[in-house]
Amino acid sequence: MTSTTDVNRLAAHGLGLRYGDRTILEGLDLELPGGAVTAIVGPNACGKSTLLRGLVRLLDPAAGTITLDGADIHRMPARTLAKRMGLLPQQPVTPEAVTVEALVRLGRYPHQRMLSPWSKADQAAVEEALTRTGTAELRDRQVDRLSGGQRQRVWIALALAQETDLLLLDEPTTFLDLRHQLDVLDLVADLHAEAGRTVVMVLHDLGQAARYADHLVVLKDGRLAAAGPPTEVLTAELVESVFGVPCRVVPDPETGTPLVVPRARTRAAAAAPASASAAAPASAAASASVPA
């Protein structure tokens, strides 16, 4: 696992977040390590995406503060914060008929000044983002005509073009098949390993979270249930308490990271031996009827 640093540390202190009169997160104290990959997990509607929106200042706290390297993010100029954080939102809306390169170029907005020309540095950042995400050959294609996996890579390229050291991803694998989920997560892991970026992402799959993250944050009902290394946090007791799923947690045969194996339901488990025993005589009878 990655060694953490004191740079790009996000923290919440007594954080409360609301939508209107509805409280989503309350009294949250949390520190996300710099120089690491953090996965935020939890049941549906527990506040995962809300927390991410709060961390990037898309939601104002109802209580408490959010800091980046000790500084209150709500006291930072918007352009300064945009140079520190890149965000891939959940289900981003693609402008109609925009090409891949045109979309990725939008990532340079925080670095632009009024009336300043497009620079060699801007284009170099775009080219680097396209290359790292494997989307350079798609530059002239319309984003809304790409596959789901290709679109996710393009949106990640836009975030990379911002040249931030802190990347936040809200459910980057949603609606993708298994191959494209792994492609996106492998890309995130490569970006972290090669460039040392701090990554915070919301995931649903506990096995993927444990495999790809250095640090795990588990939410339940708008509060922190656990936080720490996946090998320490992801236990059968925690999974049953937070998700209501009895399970075993075993080492992943590929990586050794925690792998959640739900226990068979009593009715299904009881039916399986009966089905097997009924099939055995039928199979034997069929064999006996076949001439030798």
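Preceding block: the structure.
Position numbers for residues count from 1 along each chain, tracking the sequence in the order it is written. Totals for whole chains, interfaces and linings use all residues, but because this is a predicted model, local features are given only for residues with pLDDT of at least 70 and pairs of side-chain atoms are given and counted only at 80 or more. As a rule here, side-chain values come from all non-hydrogen atoms in the structure, and water together with hydrogens is ignored.

1. Brief notes about helix α4 (residues 120-132)
Spelled out, the test is: Helix and strand labels come from DSSP, where a helix needs a run of H or I of at least four residues and a strand needs a run of E of at least two; each type is numbered from the N terminus. Here, expected helix span is obtained from the residue count minus one, scaled by 1.5 Å. A simple rule labels every residue: compare its accessible area, found with a 1.4 Å probe on the protein chains alone, to the largest value its type can have, and call it buried under 20%, exposed over 50%, or partly exposed in between. Working definition: the arc comes from the directions between the helix axis and the C-beta atoms, pointing outward to the latter. By the convention used here, residues are in contact when the closest approach between their heavy atoms is within 4.5 Å.
Its 13 residues place the ends of α4 18 Å apart at the C-alpha level, agreeing with the 18 Å of an ideal helix rising 1.5 Å per residue. Along α4, the positions that sit buried rather than exposed are Asp122, Ala125, Val126, Ala129 and Leu130. For α4, the arc enclosing every buried residue in end-on projection is 130°, short of the 170-degree limit, so these residues lie on one face. In α4, the exposed positions angled more than 90 degrees off the buried face are occupied by Lys120, Ala121 and Thr131. Buried residues in α4 make contact with α3 (100-105) and α5 (148-161). Of the residues trailing α4, Gly134 is marked for its positive phi of about 65°.

2. Here we look at the sheet that holds strand β10 (residues 223-228)
Two strands in a sheet stick together by hydrogen bonds in their backbones, pointing the same way (parallel) or opposite ways (antiparallel). So the rule is basically this: Note: two strands are recorded as paired if DSSP finds a minimum of 2 bridges between them. To obtain each axis, a line is fitted to C-alpha atoms, and for helices this fit is confined to the stretch in contact; angles are then taken between N-to-C directions over 0 to 180 degrees.
The six strands lie next to each other as β6-β7-β8-β3-β9-β10, forming an open sheet whose pairing is mixed. Taken across any chain shown, the strands that pair with only one partner, and hence form the sheet edges, are β6 (85-88) and β10. Between one strand and the next, the sheet's axes are offset by a mean angle of 15°, whatever the strand orientation. In this fold helix α1 (residues 48-55) packs onto β3 (37-41), β6, β7 (166-170), β8 (198-202) and β9 (215-220), with an angle of close to 150° to the strand it touches most, β7.

3. A word on the nonpolar core
For clarity, the threshold we go by: Buried Ala, Val, Leu, Ile, Met, Phe, Trp, Tyr and Cys residues that are joined via side-chain atoms within 4.5 Å together make up what is termed a nonpolar core.
Ranked by size, the top nonpolar core spans 47 residues in total, and within it Val100, Val104, Met201, Leu216 and Val218 carry the most contacts. It is α5 that provides the largest number of residues to this core, a total of eight residues. Of all hydrophobic cores here, the second largest spans 28 residues; its members include Leu52, Ile66, Ile73 and Leu168.

4. Let's talk about the packing of α5 against helix α6 (residues 178-195)
Worth spelling out the cut-off: Note on angle classes: values under 35 degrees are labelled roughly parallel, values over 145 roughly antiparallel, values of 65 to 115 roughly perpendicular, and the remainder oblique. It is the rotation of the near helix from the far one that decides the hand of a crossing: anticlockwise by less than a right angle makes it left-handed, clockwise makes it right-handed. Here the term charged refers only to Asp, Glu, Lys and Arg, the term nonpolar to Ala, Val, Leu, Ile, Met, Phe, Trp, Tyr, Cys and Pro, and the term polar to all other amino acids, Gly among them.
Their axes nearest at 9 Å, the elements α5 and α6 cross at an angle of 20°. Looking at the two axes, α5 sits roughly parallel to α6. Both α5 and α6 take part in a crossing whose hand is right-handed. Between α5 and α6, the residues in contact are Gly149, Gln152, Arg153, Ile156 and Leu160 and His180, Asp183, Val184, Leu187 and Leu191, respectively. Taken together, the residues of the contact of α5 with α6 sort by class into five nonpolar, three polar and two charged.

5. Some thoughts on the packing of aromatic side chains
Our working rule: In summary, the pairing rule links any two rings of Phe, Tyr or Trp, Trp by its six-membered ring, whose centres are within 6.5 Å, and it sorts them by plane angle into stacked for under 30 degrees, edge-to-face for over 60 and tilted for everything else. Either the NZ atom of lysine or the CZ atom of arginine qualifies as a charge over a ring when it sits within 6 Å of the ring centre and within 35 degrees of the ring normal.
One pass over the structure, following the stated rule, counts zero aromatic pairs. In this structure, Arg79 packs its charged tip against the face of Tyr109, placed 5.4 Å from the ring centre. Here the basic side chain of Arg105 rests over the ring of Trp118, its NZ or CZ set 3.8 Å away from the ring centre.

6. Comments concerning the pattern of salt bridges
Rules: Each reported salt bridge corresponds to a side-chain nitrogen of Lys or Arg within 4 Å of a carboxyl oxygen of Asp or Glu.
Evaluated as defined, the whole model comprises ten salt bridges. For Glu127, the salt bridge is made with Arg139, and the minimal N-O distance between the two is 2.7 Å. Highlighted residues: Glu127 in helix α4 and Arg139 in the loop between α4 and α5, separated in sequence by twelve residues. Here Glu127 falls in the partly exposed class, since its relative accessible area comes to 27%. The exposure class of Arg139 is buried, given its relative accessible area of 19%. Salt-bridge contacts for Arg211 lead to Asp252; the nearest nitrogen and oxygen are separated by 2.9 Å. With Arg211 in helix α7 (residues 206-212) and Asp252 in the loop between β11 (247-251) and β12 (258-262), the pair connects residues that are 41 residues apart, well separated along the chain.

7. Remarks on the side chain of Asp252
So the rule is basically this: Residues adjacent in sequence count toward polar contacts only when both atoms are side-chain atoms; beyond that, a polar contact is any pair of N or O atoms within 3.5 Å, and within protein one must be able to donate a hydrogen and the other to accept it.
When its relative accessible area of 9% is taken as the criterion, Asp252 is described as buried. Of note is the side chain of Asp252, whose polar atom sits 2.9 Å from the side chain of Arg211. Among all residues touching Asp252, those that are not within four sequence positions of it are Arg211, Thr257 and Leu259.

8. A look at α5
Residues that lie three or four places apart on an α-helix share one face, since the helix turns once every 3.6 residues. The end-to-end C-alpha separation of α5 is 20 Å, in line with the 20 Å expected for 14 residues at 1.5 Å each. Buried residues of α5: Gly149, Gln152, Val154, Trp155, Ile156, Ala157, Leu158, Ala159, Leu160 and Ala161, and no others.

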